[in-house]
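Examining the three-dimensional arrangement
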Amino acid sequence: MLYQEQTTNVQAFRIKDFNSVIIHNENSAKTQNYYVMGNLDRLTLSIDNKSYSVTIGRQQISFGSAKMTNPMDVFVPFGPVTVNAEERNGVDGMRVRGAIGEMGEWDTGVVLGEDGESENSSLYLTARLPWNHFEIQPIAMRIREANLLGLDLLSSFAGANIWWEGAWVDPKQEKAYSRYTFGGEYQWSDQIFTVGEYHFNGAGAERVSEYTSLSTDFAYAKGSVFYLGRHYLSIFANFVLSPLHTLSAGMTNNLRDQSSLFNLAWNWSLND
């Protein structure tokens, strides 16, 4: 089994939320059923000056440089079956950011969960710092009832972008676990672009028979982890067939039980 679908992956990081079903009609003949769905996803107040900026309200907050699995991104992470999505769902909180020198930035904030209770909420402090040929992002976070320490390293080598992103999580009443991702991307030509990543999931199980016992662990119930195994390889390629047609193909493989997820997409631009 490749991953656990996060249908109830804790409450979202929102103090209160509207019912997503605005209108639901269902007649007995089941011939005219319909739904009207809604999601208030962005609502912010921003204050900016020369030294810092403050954003209050429902907003997108994410961390890390990895393309497919981000160990540091624990608020609303993209799952393995998320396709054609570039924007994460908004979370409720206050975020304060400021510049460090010409290229760096510090970032701190509070993200509130259901009813604003501390056991459902998070605090974080992070920064992006340029150093030599690296971009470094350390992070310290209190997420629900766990402490998280993370580090993201981004650089380039022989024309490729490479990254290492890791997080160590120490839940209040469980054993600590670590997760990390190493990967890179390379533009072979104007037509071919590829990405490859290896992900280690310390919260997962070595044996398939142990997968079913993981659902109540902090990592899966509250920590936004969805992979059940420990070792994963992901490969993605993008092929430009013509100015209007692009073919994308991807695969994620559990290296222990050999379960795999494949996806294939063809984009046809109608703008021109």
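About the thresholds
Residues numbered from 1 in each chain as written. Predicted model: local features only at pLDDT ≥ 70, side-chain atom pairs only at ≥ 80, totals over all residues. Heavy atoms only, no water. 1 Å grid on protein atoms, 1.4 Å probe; cavity = no way out; pocket = protein on both sides within 12 Å on 5 of 7 lines; lining within 4 Å. Points joined across faces, edges and corners; volume = space filled by probe spheres on them. Helix = DSSP H or I, 4+ residues; strand = E, 2+ residues; numbered from the N terminus. Nonpolar A, V, L, I, M, F, W, Y, C, P; charged D, E, K, R; others polar. Buried < 20%, exposed > 50% of the residue type's maximum accessible area, 1.4 Å probe, protein only. Contact = heavy atoms within 4.5 Å. Salt bridge = Lys/Arg side-chain N within 4 Å of Asp/Glu carboxyl O.

Bringing empty space enclosed by the protein into the picture now. Inspection of the entire model under this criterion finds 1 cavity of 30 Å³ or more. As a volume, the largest cavity reaches approximately 50 Å³. Of all the secondary-structure elements, those providing two or more residues to the lining of the largest cavity are strand 10 (160–171) and strand 11 (177–187). Taken together, the residues of the lining of the largest cavity break down into 9 nonpolar, 1 polar and 1 charged.

Before going further, it helps to examine the environment of isoleucine 192. Note on placement: isoleucine 192 falls in strand 12 (residues 192–201). Residue isoleucine 192 is classed as partly exposed on the basis of its relative accessible area, which comes to 31%. Along the primary structure isoleucine 192 and alanine 237 are separated by 45 residues, whereas in three dimensions their C-alpha atoms are 7.2 Å apart. Here isoleucine 192 is in contact with Tyr186, Gln187, Asn238 and Phe239, once residues within four sequence places are set aside.

What follows concerns the pattern of salt bridges. Enumeration according to the criterion identifies 13 salt bridges in this entry. Lysine 16 is paired through a salt bridge with aspartate 115; the nearest N and O atoms lie 2.8 Å apart. Residue lysine 16 is located in the segment before strand 1 (21–25), and its partner aspartate 115 is located in the loop between strand 6 (104–112) and strand 7 (122–131); the two are separated by 99 residues in the primary sequence. Under the relative-accessibility criterion, lysine 16 is labelled exposed at 57%. The closest approach of N and O atoms between glutamate 206 and arginine 256, which form a salt bridge, is 3.1 Å. Here the residue glutamate 206 occupies a position in the loop between strand 12 and helix 1 (218–221), and arginine 256 occupies one in the loop between strand 14 (245–254) and strand 15 (260–268), the gap between them amounting to 50 residues. Relative accessible area serves as the criterion here: at 35%, glutamate 206 is assigned to the partly exposed category.

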